[in-house]
Amino acid sequence: MYGTSACHLCEQAESLLQQATREGLAGDFIKVDISDSDDLFARYGLRIPVLKRRDGAELGWPFGAAELAAFLTEPQRQA
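Not measured: the values here are computed from a predicted model.

1. Some remarks on the packing of aromatic side chains
Thought 1: Summed over the entire model, instances satisfying the criterion amount to 2 aromatic pairs.
Thought 2: When the ring of Tyr-2 is compared with that of Tyr-44, the centres are 4.3 Å apart and the planes differ by 15°; the resulting orientation is stacked. Taken together, the residues span a long stretch of sequence, with Tyr-2 in strand E1 (residues 2-3) and Tyr-44 in helix H2 (residues 38-44) at a distance of 42 residues.
Thought 3: For the pair Trp-61 and Phe-63, a centre-to-centre distance of 4.9 Å together with 70° between the ring planes defines the contact as edge-to-face.
Thought 4: Accessibility expressed as a relative area gives 23% for Trp-61, which makes it partly exposed.
Thought 5: We note Arg-53 situated over the ring of Phe-71; from NZ or CZ to the ring centre the distance is 4.7 Å.

Written as structure tokens, this is what we have:
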């Protein structure tokens, strides 16, 4: 999950992701603070929070539990 430490929307997205993990829809996830990288800040600065799957697909805010579940369970494409 791309975000920053002072982002209330990122906290909401993380809470949804934690719930999805408890429900078995998601596994472990990594939080990446975009403020640590000029490139990431340029790419995601206006879009955070953004979730990125291993296949490269992204889900940007806003999203709710239903959109997150669909994103996590849809077939992944070849990266």
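2. Side note on helix H1 (residues 8-22)
Thought 1: If you check H1, its first and last C-alpha atoms are 21 Å apart, about what 15 residues at 1.5 Å a residue would give, namely 21 Å.
Thought 2: Regarding H1, the residues found buried are Cys-10, Ala-13, Glu-14, Leu-17 and Ala-20. Seen end-on, H1 carries its buried residues on one side only, within an arc spanning 115°. Seen from the buried face of H1, the exposed residues on the opposite side, beyond 90 degrees, are His-8, Glu-11 and Arg-22.
Thought 3: Looking at the buried residues of H1, the elements they touch are E1, strand E3 (50-52) and helix H3 (65-73).

3. As for the pattern of salt bridges
When charged atoms on two side chains of opposite charge get close, those side chains can pair.
Thought 1: For the structure shown, the criterion picks out 4 salt bridges.
Thought 2: Note that Arg-53 is salt-bridged to Glu-74, the shortest N-O span being 3.0 Å. Here Arg-53, found in the loop between E3 and strand E4 (58-60), pairs with Glu-74, found in the segment after H3; they are 21 residues apart in sequence, far enough to count as distant.
Thought 3: Overall, the relative accessible area of 9% leaves Arg-53 in the buried class.
Thought 4: On the basis of relative accessible area, Glu-74 is assigned to the partly exposed category, the value being 37%.
Thought 5: A single network of salt bridges, built from pairs that share partners, joins Arg-53, Asp-55 and Glu-74.

Scoring rules and cut-offs
- Residues numbered from 1 in each chain as written.
- Predicted model: local features only at pLDDT ≥ 70, side-chain atom pairs only at ≥ 80, totals over all residues.
- Heavy atoms only, no water.
- Phe/Tyr/Trp six-rings, centres within 6.5 Å; stacked < 30°, edge-to-face > 60°.
- Helix = DSSP H or I, 4+ residues; strand = E, 2+ residues; numbered from the N terminus.
- Buried < 20%, exposed > 50% of the residue type's maximum accessible area, 1.4 Å probe, protein only.
- Lys NZ or Arg CZ within 6 Å of the ring centre and 35° of its normal.
- Expected span 1.5 Å × (residues − 1).
- Arc of directions from axis to C-beta.
- Contact = heavy atoms within 4.5 Å.
- Salt bridge = Lys/Arg side-chain N within 4 Å of Asp/Glu carboxyl O.

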